[in-house]
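One-letter residues, chain by chain:
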Amino acid sequence: MPLVPLAQQLQLDGHSVLFATTGPASEAARRAGVGTVDAGGRLDARAPYDRLLQTLADGNAGKETLDEDALTVHGRLFGEVGLRMLDDLVDIGRHWGADAVVYPGIHSAALVAARQLGATAVLHGYGSPLPTFTPALDHILRERSDLPDSLSEAQVEIDVFPPSLVNHAEMPWDNGRPEHRFTMRYGSYNGASDVPMWVLEKSSTSPRIVLTCGSTDALARRGETYRRIIEALDGTDCEIVVLSGGVKLDRLPEPLPANVRVEQWLPLSLLLEHSDAILHHGGSGTVLTSLAAGIPQVGIPMPGTVNMSNMQSVVARRAGTTVDLDDLDSTDLADAVRTALADPALRGAAENVRDEMAAMPSTHAVAAQLSEVIQA
């Protein structure tokens, strides 16, 4: 989804754009109106990612974003995803005649495919600025005897991170720096869906609080995380909107309190225009969408993931706070939410970042610069 705004803009500018992906990402691309071809589906390229989520849920992937255990686990499993997609990516790019391969850095196979095709590699940020994920790239290169021992970094980097945020996930650029670097306003594309009228009709008296753990069972814990938050906010005058992402939630309170709504999916950017605070898992898209909306956020990040460093950046900017996923104390949860709603310093910092993001170069401007680089 972070790549959709640029893809749509390039199409509007008259370029041909194709998403090569598999699994749920294919449906997201189709709903965005972009042509999609399956890459890796025949080898179940999604499976290693599901194993990663379970490893994280079991607490076997380290505690910090950049500790050795976390990097090893992520490198091996994202490397396996890449190995299952790589041949399809190269075949697709060759048959279609791709001039550029645009990718988020975690998908290192895309850099390999770009080099195999002689195409321009474009590293598209989706949160903290990071190089192409070296542990996954090294795994791919080790496993394939027909590939070189190393590859140079992408020629182009697109950075969507607000300049005033400190990057707490910074990794070394072992394979060199991109020759071209563009900063770009984050697009806040969160998927397409029907929007019910109540989203636009927020009460003028009760604050609206959004809860989301993304679209993975490992974070939602079958609704246990949401249940604890809802119970912690019992007695607080507020409207609570739970975005489930379509995961199974059989541990929610029964019956649900009258002030709680549960929705599978809504465009988060639109919902946050009419909300006062958000509690979430710390995913990069949710963090940046919340900052772009200018509302305070409370993060409940999973240890061993980039979600930890995402929230460290938010907290350092004083635009939000965090609570411990493994110790969801009711008092701490309630205090965090009430602080997010009442503390003018948190709201002021969030609004300052919103204004900063709005002043960053538009997708339209960056698409034009990118096309010039590729043509050259």
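Structural data are supplied above this passage.
To keep things clear, this report deals only with the structure shown in the data block. (Residues numbered from 1 in each chain as written. Predicted model: local features only at pLDDT ≥ 70, side-chain atom pairs only at ≥ 80, totals over all residues. Heavy atoms only, no water.)

Quick word on the packing of aromatic side chains
For any pair of aromatic rings, the description consists of the separation of the ring centres together with the inter-plane angle of the planes.
Turning to step 1, where the next piece is worked out: Scanning the entire structure with this criterion turns up one aromatic pair.
Turning to step 2, where the next piece is worked out: Ring geometry for Y49 against F78: centres 5.9 Å apart, planes inclined by 55°, an arrangement best described as tilted. Residue Y49 is located in helix α3 (residues 47-57), and its partner F78 is located in helix α4 (residues 68-96); the two are separated by 29 residues in the primary sequence.
Turning to step 3, where the next piece is worked out: Above the plane of the ring of W198 lies R261, whose end atom (NZ or CZ) is 4.1 Å from the centre. (Phe/Tyr/Trp six-rings, centres within 6.5 Å; stacked < 30°, edge-to-face > 60°. Helix = DSSP H or I, 4+ residues; strand = E, 2+ residues; numbered from the N terminus. Lys NZ or Arg CZ within 6 Å of the ring centre and 35° of its normal.)

Details of the pattern of salt bridges
Side-chain pairs of opposite charge can arise where the charged atoms are in close proximity.
Turning to step 1, where the next piece is worked out: Following the criterion strictly, the structure yields 17 salt bridges and no others.
Turning to step 2, where the next piece is worked out: Here R144 makes a salt bridge to D87, at a shortest N to O gap of 3.1 Å. Here R144 is found in the loop between α6 (134-143) and β5 (156-159), whereas its partner D87 is found in helix α4, with 57 residues between them in sequence.
Turning to step 3, where the next piece is worked out: Across the pair D355 and R354 runs a salt bridge, and its minimum N-O distance is 3.1 Å.
Turning to step 4, where the next piece is worked out: Look at D355 and you get partly exposed, because its relative accessible area is 43%.
Turning to step 5, where the next piece is worked out: Look at the salt bridges and you will find they share partners, linking E224, R227, R228 and E231 into a network. (Salt bridge = Lys/Arg side-chain N within 4 Å of Asp/Glu carboxyl O. Buried < 20%, exposed > 50% of the residue type's maximum accessible area, 1.4 Å probe, protein only.)

Observations regarding the packing of helix α12 (residues 330-342) against helix α13 (residues 344-358)
Two quantities define a packed helix pair, namely the angle between the helix axes and the distance between the axes.
Turning to step 1, where the next piece is worked out: Packing of α12 against α13 leaves a shortest axis separation of 6 Å and a crossing angle of 65°. In this structure, α12 uses T339, A340, L341 and A342 to contact α13, whose residues at the interface are P344, L346 and R347. (Axes fitted to C-alpha atoms, helices over the stretch in contact; angles between N-to-C directions. Contact = heavy atoms within 4.5 Å.)

Overview of helix α14 (residues 363-375)
Think of an α-helix as 3.6 residues a turn; residues three or four steps apart then line up on the same face.
Turning to step 1, where the next piece is worked out: Between its first and last C-alpha, α14 extends 18 Å over 13 residues, near the 18 Å set by a 1.5 Å rise per residue.
Turning to step 2, where the next piece is worked out: Along α14, the residues that are buried comprise T363, V366, A367, L370, S371 and V373. Taken down its axis, α14 places every buried residue within 160° of arc, on the same side. Counted as exposed and oriented over 90 degrees from the buried face of α14: E372 and Q375.
Turning to step 3, where the next piece is worked out: Packed against the buried residues of α14 are α1 (4-12), β4 (120-124), β5 and β6 (180-183). (Expected span 1.5 Å × (residues − 1). Arc of directions from axis to C-beta.)

This is a description of form; function is not addressed.
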